[in-house]
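Read off the chains here:
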Amino acid sequence: MSLTTPPKAAKKPHSVTHHGITVTDDYAWLRDPGYPEVKDAEVLAHLAAENAWFESRMDGQQGRIDALFKEMRARIKEADKSVPQKDGDFLYWIEFEEGAEYKKWWRKPIAGGPDELILDEVALAEGKNYFRLGAIAVSNDGKLLAWSVDDNGSERFTARVKVIATGEVLPDEIPGTLSSLIWVAQDKGLVYSLANEQWRTDNARLHWLGQPLSSDVELYHEDDEGFRVGCSLSANEQWLIIGTSDHETSEVRLVPAADPLAAPLLVKPRQPGVEYDADLHGDTLFIHANDTHENFRLATAPLSDPGNWTTLIEGTDEFYLTGFDLFRDFYVTEGRVRGLDRIEVRYYDDPARVESIVFPEASFSAGLGDNPEWAVTTLRLSYESMVSPASVLDYDVAAQTLTTLKVQEIPSGYNAALYATERLEIAARDGTRVPVSVVYRKDRKPGGPLHLYGYGAYGISIDPGFSTTRLSLVDRGFAYAIAHIRGGDDLGRAWYKAGKLERRTNTFNDFVDVAKGLIERGFTQAGKISISGGSAGGELMGVVANMDPGLWGAIAAHVPFVDVLNTMLDASLPLTPGEFPEWGNPIEDKAAFDLIRSYSPYDQVKAQDYPPILATAGLNDPRVTYWEPAKWIARLRATKTDANIMLFKTNMGAGHGGKSGRFESLREDAEEFAFFLWQLGMVEK
């Protein structure tokens, strides 16, 4: 076909009827009937044509892409290493070599001796188009290493084990894992979870080292197809914690790590709408739960009576308790107040003693880093803001002092004094004040271009952190804003609930109203706003493109969840049953069907002008299937009334996260930014 015109997907009438309503879908054929294998010749030909169209249209931007990629890469310290952290008899760290896409994992004996390379991702990734390390775990005696790898983006990992001292890879091989790897029973066993045919982890399994997989034991099986199983070790490493949950209900069981075949101890039976997680200090359980307040409380219970919870820290409207970590002599709570991170040290013997860790900026992102040991006197922390590069800190608990161990280096140079950041509140149409984090150069002219990012789902907050990549827009006169919209939990659990299920449209309205508020405040103008979001944030992009297309100068929707209604009507898809608490169940509930249909981007495409759109997909993506953006772009092209460009790129050997490797992924960022600059008419100086 000629590359002077975009691909035109064939229309093949297809319809389904639910609740007496018939939904038509002319592009349903783009879903390969053999999925997760995609071999249909017509489907592959269409994806290839879309990729060829993408390449031909972006070819004229190649100089800009190369320049952006070069400056993005120049901000990354190529030969870099993490701050070593003590765990038992060793110091552990990771290291990137000059030019390497992947890292190497090292350790050094505390007592002295040579550095030991325990895992070489560079060697493992050699010759592969895609590589992702899943889990990595050193045995308790320090002699063995277990790790897992995905080499096609399908998120089905193969686990292996090796002897660290000799490098010998043992015969043990566990394909199809989707989990952590946990050493138990004096390092004789590994606990893991398999992804079933629907890519759901409904199990916790025990593999005995040196034994065939057929002898592996299922420690727990989850019968509710909406729930997922995950395992961890308690902070004191004495207990295996088996958790199962969906998006609003959870349940925890405890098993002695030394005796994983012992009968599990159920902490408390699941109750609809109650989420909890647990850990142990001695014979006392600590439970983080939302049973008495949506912002969670911290409770305790005797191990002998694990369901008898006594409140230690009350849940409040002001403080959103996001989690806790136990150590031998103290424990730490993490949370947010008015959307800003708070870390507090607390004491077992004095509940009234609370020490907040104080940080220097008014808006920032901070949290506990890697703290693997039980008996510690200092805490490893992470810290950054929209103008402050990522830092690694140690907090001396007794002295209550912070020591900076490392600040992210930017080899090409960075002067924080050139930039300003603000935390705004913009009123949405219902009067709710939505926080917005903005960064820009101090010499930026008002009314210029602005990039607005949003997500707004699953109670995931978008922190006001630092990004070297973002500087490529900011240094070209953009302001960069993050809309902390409802659907995330930025302001607490109520903020999350206000953007899910029957209140889902608040998320979309918030994003549009933030954009309008930024225009009113003189930051930018309609048509000069580029926007981006991925996955559920890609759904957001599709909805606001339908709602207010004139606001946006360009849109990037990455692996976008845009075919919401059809996906939620198909319980055979990997994520659908577990997603009902988030979006609603349109199969059984007509009200949910009507609501989802009213905003589903694919279903609401209409004959109107649309801004330029760049959409991406991963052929092996199990989270948002490739056909969602493929169908969306096809329908947009066939329906819209403008001449603006629509581009769709499928990574044929990757999944939900796009290309792997620290530099290869940057090239995709460079393509996205070049698309924005091109479509907003930005001229390079």
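Residues numbered from 1 in each chain as written. Predicted model: local features only at pLDDT ≥ 70, side-chain atom pairs only at ≥ 80, totals over all residues. Heavy atoms only, no water.

Each helix and strand in the protein was counted, giving 12 helices and 39 strands. For a compact globule of 685 residues, the expected C-alpha radius of gyration is about 26 Å, and the protein comes in at 25 Å, within 12% of that figure. By principal-axis analysis of the C-alpha atoms, the protein measures approximately 65 × 55 × 50 Å. By sequence separation, contacts in the protein at least 24 residues apart represent 55% of the contacts at least 6 residues apart. Roughly 27400 Å² of accessible area belongs to the protein as shown, and the carbon and sulfur atoms make up 50% of that amount. (Helix = DSSP H or I, 4+ residues; strand = E, 2+ residues; numbered from the N terminus. Rg over C-alpha atoms; globule rule 2.2 N^0.38 Å. Contact = heavy atoms within 4.5 Å. Areas by Shrake-Rupley, 256 points an atom, 1.4 Å probe, with all protein chains shown as cover.)

So, about helix α6 (residues 505-520). Across its 16 residues, α6 extends 22 Å between first and last C-alpha, which sits within 8% of the 22 Å expected from 1.5 Å per residue. Burial analysis of α6 places 12 of its 16 residues in the buried class, which makes it a mostly covered element. Directly beyond the C-terminal end of α6, a positive phi value near 85° is found at glycine 522. (Expected span 1.5 Å × (residues − 1). Buried < 20%, exposed > 50% of the residue type's maximum accessible area, 1.4 Å probe, protein only.)

Roughly 1200 Å³ of volume is contained in the second largest pocket. Lining the second largest pocket are 48 residues, and of these Arg228, Ser245, Asp246, His247 and Arg623 lie nearest its centre. A per-element tally of the lining of the second largest pocket places strand β16 (residues 228-233) first, with six residues. Of the residues that constitute the lining of the second largest pocket, the class distribution is 22 nonpolar, 15 polar and 11 charged. (1 Å grid on protein atoms, 1.4 Å probe; cavity = no way out; pocket = protein on both sides within 12 Å on 5 of 7 lines; lining within 4 Å. Points joined across faces, edges and corners; volume = space filled by probe spheres on them. Nonpolar A, V, L, I, M, F, W, Y, C, P; charged D, E, K, R; others polar.)

This brings us to the nonpolar core. Within the largest apolar cluster, 86 residues are counted, with the highest numbers of intra-cluster contacts made by Leu452, Phe511, Leu518, Trp552 and Trp632. Among all residues touching leucine 452, those that are not within four sequence positions of it are Ala481, Ala483, Phe511, Val514, Ala515, Leu518, Ile529, Ser530, Ile531 and Ser532. Residues Phe69, Leu647, Phe673 and Met682 belong to the second largest nonpolar core, which totals 24 residues. (Core = buried A, V, L, I, M, F, W, Y, C linked by side-chain atoms within 4.5 Å.)

Geometry of a packed helix pair, given as the angle between the helix axes and the separation of the axes. At their nearest, the axes of helix α2 (residues 62-74) and helix α12 (residues 664-679) sit 8 Å apart, and the two run at 130° to each other. One way to sum up the angle between α2 and α12 is to call them oblique. Seen from above, α2 lies across α12 with right-handed handedness. Contacts from Gln62, Arg64, Ile65, Asp66, Leu68, Phe69, Met72 and Arg73 in α2 reach Leu666, Arg667, Asp669, Ala670, Glu671, Phe673, Ala674, Leu677 and Trp678 in α12. Of the residues contributing to the contact of α2 with α12, the split by class is 10 nonpolar, one polar and six charged. (Axes fitted to C-alpha atoms, helices over the stretch in contact; angles between N-to-C directions. Parallel < 35°, antiparallel > 145°, perpendicular 65-115°, else oblique. Left-handed = near helix turned anticlockwise from the far one by under 90°.)

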